[in-house]
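Observations on the model geometry
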Amino acid sequence: MIFGRSERAKPPVEPVTLKILVAGGFGVGKTTLVGAVSEIKPLRTEELLTEAGRPVDDLSGVEAKHTTTVVMDFGRITLREDLVLYLFGTPGQERFWFMWDELSEGALGAVVIADTRRLEDCFAAVDYFERRSIPFVVGVNCFEGSARYPVGDVRRALDLDDAVPVVLCDARERESVKEVLIGVVQHAMTFAASHRAETVAT
């Protein structure tokens, strides 16, 4: 013992922090997903939907939605003592897409949430991450009452590269969301390794 402390006491571990984006169309479940898994009270920037936004906010399939994210959602989850994920939910409407460039800075990867009732709403997010070579996973949010489709059908409908993982999930369930986030980290590591290999080869 030295000054009352054990010589074997280890210093606190400084965790590695990783940034993951949560993107997708309007009303697809981004805010719900961040809230389901965050170990802190999520920071939300939501505003009430108004009559002024009715012409540009398509509520088909999400008629019960009364609020919308206008900047971002923020949450945090500790996967291990040395690994912490910061989650940034992006706004879904086109008029807020200018925020995406700021939010994507330094991101390890992304989750694109898809709703099979409005699958076309996630096309913009898929295109965005493909153009910027940001690895992403498509999480099909299984809403109650919505039709369930095989993963292969969703992949073909979105015209995804075979390397992009597609998983079924429930944005309300913590364990389901954790599996999606672990999938993002694993895919990002594989993506980075393949790009390094391509760089060495050239």
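In this text the structure is predicted, and so the values were computed from the model without any measurement.

1. Considerations on the pattern of salt bridges
- All told, the structure shown has eight salt bridges when counted by the stated rule.
- A salt bridge links Arg132 to Asp101, with the nearest nitrogen and oxygen atoms 3.6 Å apart. Highlighted residues: Arg132 in the loop between helix 3 (123–131) and strand 6 (136–141) and Asp101 in helix 2 (residues 100–104), separated in sequence by 31 residues.
- The partner of Asp170 in a salt bridge is Arg172, and the shortest N-O contact between them spans 2.8 Å.
- Residue classification places Asp170 among the buried residues on the basis of a relative accessible area of 16%.
- What you see here is one network of salt bridges that share partners, running through Glu144, Asp170 and Arg172.

2. With respect to the confidence of the model for the protein
- Residues of the protein with pLDDT of at least 70 account for 77%, and the chain-wide mean is 82.
- Low pLDDT, under 50, characterises residues 48–57; the stretch is placed with 14 contacts to residues that sit more than four places away or in other chains.

3. A look at the nonpolar core
- Leu21, Val112, Phe129, Phe136, Val138, Leu158 and Leu160 are the most contacted members of the largest nonpolar core, which has 27 residues in total.
- Where this core is concerned, the elements lending two or more residues are strand 1 (16–24), strand 3 (67–80), helix 2, strand 5 (109–114), helix 3, strand 6 and helix 4 (151–158).
- Among the elements that take part in this core, helix 3 stands out by supplying four residues, more than any other.
- Excluding residues within four positions of it along the chain, Leu21 makes contact with Phe88, Leu103, Ser104, Ala107, Gly109, Ala110, Val111 and Phe129.

4. Structural notes on the side chain of Lys30
- Considering the arrangement of structural elements, one finds Lys30 in helix 1 (residues 30–37).
- Polar contacts involving the side chain of Lys30 include one to the main-chain carbonyl oxygen of Gly24, which spans 3.4 Å.

5. Some points on the packing of aromatic side chains
- Considering all chains together, one arrives at six aromatic pairs under this definition.
- Both rings, one in Tyr128 and one in Phe129, keep their centres 5.4 Å apart while their planes meet at 90°; by these two values the pair is edge-to-face.
- Note on Tyr128: relative accessible area 6%, which makes it buried.
- What makes Phe129 buried here is its relative accessible area of 1%.
- Here the aromatic rings of Phe129 and Phe136 are separated by 6.1 Å at their centres, their planes lie at 35°, and the arrangement is tilted.
- Over the face of the ring belonging to Phe88 we find Lys19, whose NZ or CZ atom lies 4.8 Å from the ring centre.
- In this structure, Arg117 is placed above the aromatic ring of Phe143, and the distance from its NZ or CZ to the ring centre is 4.4 Å.

What counts and what doesn't
- Residues numbered from 1 in each chain as written.
- Predicted model: local features only at pLDDT ≥ 70, side-chain atom pairs only at ≥ 80, totals over all residues.
- Heavy atoms only, no water.
- Salt bridge = Lys/Arg side-chain N within 4 Å of Asp/Glu carboxyl O.
- Helix = DSSP H or I, 4+ residues; strand = E, 2+ residues; numbered from the N terminus.
- Buried < 20%, exposed > 50% of the residue type's maximum accessible area, 1.4 Å probe, protein only.
- pLDDT = per-residue confidence, 0-100.
- Contact = heavy atoms within 4.5 Å.
- Core = buried A, V, L, I, M, F, W, Y, C linked by side-chain atoms within 4.5 Å.
- Polar contact = N/O pair within 3.5 Å; in protein donor to acceptor, adjacent residues only side chain to side chain.
- Phe/Tyr/Trp six-rings, centres within 6.5 Å; stacked < 30°, edge-to-face > 60°.
- Lys NZ or Arg CZ within 6 Å of the ring centre and 35° of its normal.

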